[in-house]
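Secondary and tertiary structure notes
Okay, here's what each chain looks like letter by letter:
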Amino acid sequence: MPKQDPMDRSSGYLKKNLETIPQKKRLEYLNQKLRGIIQYAYKHSIAFKNKMDSAGLKPKDIQTIKDLEKIPITKKAGLVELQKKNPPFGGFEGVPMNELRRIFISPGPIFEPGEMEYVELGWAQGMYAGGFRPGDIAINTFSYHMVPFALHMVDNSLHRIGCVSIPTGVGNTEQQIHILKHLKATGFCGTPSFLLNIAEKAEEMGLDLKKDLNLKVGFVAAEMLPESLRSKLEEKFGMIIRQTYGTADIGCLGYECMKKNGMHIPDDKIVEIVDPETGKQLGSGKTGEIVATTFNKIYPLVRFGTGDLSIVTEAPCHCGRTSPRLLKILGRVDQVTKVRGLFVHPGQVDELASRYPQIAKVQVVVARKEQKDEMTFRIELKEEVLQTEKLKEEIENSIRDVMKLRGDVQFTPKGTITEGAKKIEDQRTWE
Ligand SMILES: [Zn+2]
């Protein structure tokens, strides 16, 4: 029998005052923090001052989250260019070099300043909401090299909660399993696919995942977590797995609680969902780009465009936290296409496919016919279906439901949609 877990992992908060603050008060709190960081960044970050000046703005023009719309968005891709012109941080840093502890390098390359004392709250809030408690011993299997995630963000956040970290880093599955076993580690930090590797390898080694290992909680990030994989792993290990979302530049932007109904936005960030073309805020319920602002004085990014798509909800969560939630990461902005004036994105294609277990592969082809956009869903089925007409009609109804647009279904033979084919293939030409 696996040992009973004596800890209450499902209730409580890391920062109760902040996490359960009434929505109106939260807005006041965030607006006040926003004014503070705008003043600070204008004075200390040359890149931010330039951005404000070029838009004809002064710090006093930014009083509320709504006012953020006036500030141009800094795109991640743009950061690379700006850093080349003004190395190493493009002028986005908020302190002189000698006040830093580390410099991190993310693919791009993008350089990030690392502060003396790690102050970010988000990841720690996420770990706590996901069931991590003081006294947990956790393997940290994210990469410790170059990038800030494992060493800076995850390690410090475990420490903040009162957990002990084992800096195992990436790979060496068999060795990680020995470590889990001998140290009776209760926590896992890493990607869902690596946890799956551990499960498969441990079973191969003849271990009983529940009896021989002692995992109770998993903090996963950096990859999509399909529900089927989550429940499989939770069941195999007898553990709780919760996911988080963020970027190396700006840190945590969302974390799941026990209720698993989206990712709460941490209290040290402002997240806007914007129209990727105009940069205007879309509010809750609409799909748009995640644009974030942090209160971090070392690296005060304001209106940082992540390039990721999501929808935000402000509906109350039964966990008691009052922060809005990102419902799901729906793909990348550069994969979005506009059809008859509406955005179509890969997340919608996935949603449609998830409604029909018969579907093996689907690709949307957008074409132009007689000056009109046409959307065709090329679908490969897992097995032949007798009444394709009926299924075609059902799927076409679902398309209208998911996309708010009409689309035609075309069943194609297996193997027609090649591996690595774009989910949305835009064949329109504009003259
Ligand atoms: Zn919640």
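The shown structure was predicted, so the numbers you read here are calculated from the model rather than taken from an experiment.

As for the overall build of the protein
Of the regular secondary structure elements, the protein holds 11 helices and 20 strands. Here the C-alpha radius of gyration of the protein, 23 Å, is about what a compact globule of 431 residues would show, namely 22 Å. Oriented by its inertia axes, the alpha-carbon framework of the protein measures out at about 65 × 65 × 40 Å. Every one of the 431 residues in the protein was classed for burial, and the buried ones make up 52%. Long-range pairs, those at least 24 residues apart, make up 65% of the contacts in the protein with a sequence separation of at least 6. On the protein, roughly 20700 Å² of surface is accessible, and the fraction owed to carbon and sulfur atoms is 52%. A gap of 4 Å separates the mean positions of the 63 positive and 56 negative side-chain charges of the protein.

Some points on the sheet that holds strand β18 (residues 372-381)
Adjacent strands of a sheet pair through backbone hydrogen bonds, lying either parallel or antiparallel. Taken in spatial order, the 4 strands of this open sheet run β19-β18-β17-β20, and their pairing is mixed. Only two strands of the sheet have a single neighbouring strand rather than two, namely β19 (408-411) and β20 (424-426). With strand direction ignored, the average angle separating the axes of adjacent strands in the sheet is 25°. In terms of strand pairing, strand β17 (residues 359-369) meets β20 through 3 bridges, oriented parallel. Paired with Val366 across the two strands is Asp426, which belongs to β20.

Some thoughts on helix α9 (residues 227-237)
Those residues of α9 lying buried are Leu229, Arg230, Leu233, Glu234 and Phe237. Along the axis of α9, the buried residues cluster in a sector spanning 125°; they form a single face. For α9, exposure combined with an orientation more than 90 degrees from the buried face picks out Ser228 and Glu235. Where the residues of α9 are buried, they touch α8 (192-204) and β8 (240-247). Residue Gly238 follows α9 closely and has a positive phi angle near 70°.

Describing the coordination of the zinc ion
On the protein side, the zinc ion has Cys257 (SG), His264 (NE2), Cys317 (SG) and Cys319 (SG) as donor atoms, found 2.1 to 2.3 Å from it. Its 4 donor atoms give the zinc ion angles of 104 to 113° at the centre, a pattern that matches the tetrahedral case. We note that the donor set of the zinc ion lies within a single chain, spaced as C-x6-H-x52-C-x1-C. Residue class for Cys319 comes out buried when judged on its relative accessible area of 14%.

Focus on the side chain of Asp136
Mapped onto the elements of the fold, Asp136 is located in the loop between α5 (122-129) and β4 (137-140). From its side chain, Asp136 meets the backbone nitrogen of Arg133 in a polar contact 2.7 Å long. Here Asp136 is in contact with Met7, Arg9, Gly131, Cys163, Val164, Thr186 and Val217, once residues within four sequence places are set aside.

Cut-offs applied
- Residues numbered from 1 in each chain as written.
- Predicted model: local features only at pLDDT ≥ 70, side-chain atom pairs only at ≥ 80, totals over all residues.
- Heavy atoms only, no water.
- Helix = DSSP H or I, 4+ residues; strand = E, 2+ residues; numbered from the N terminus.
- Rg over C-alpha atoms; globule rule 2.2 N^0.38 Å.
- Buried < 20%, exposed > 50% of the residue type's maximum accessible area, 1.4 Å probe, protein only.
- Contact = heavy atoms within 4.5 Å.
- Areas by Shrake-Rupley, 256 points an atom, 1.4 Å probe, with all protein chains shown as cover.
- Lys, Arg positive; Asp, Glu negative; His and termini not counted.
- Charge placed at Lys NZ, Arg CZ, Asp CG, Glu CD.
- Pairing = 2+ DSSP bridges.
- Axes fitted to C-alpha atoms, helices over the stretch in contact; angles between N-to-C directions.
- Arc of directions from axis to C-beta.
- Donors = N, O, S within 2.8 Å, 3.2 Å for Na, K, Ca; no water.
- Tetrahedral: all angles 85-135°; square planar, octahedral: opposite > 155°, others 65-115°.
- Polar contact = N/O pair within 3.5 Å; in protein donor to acceptor, adjacent residues only side chain to side chain.

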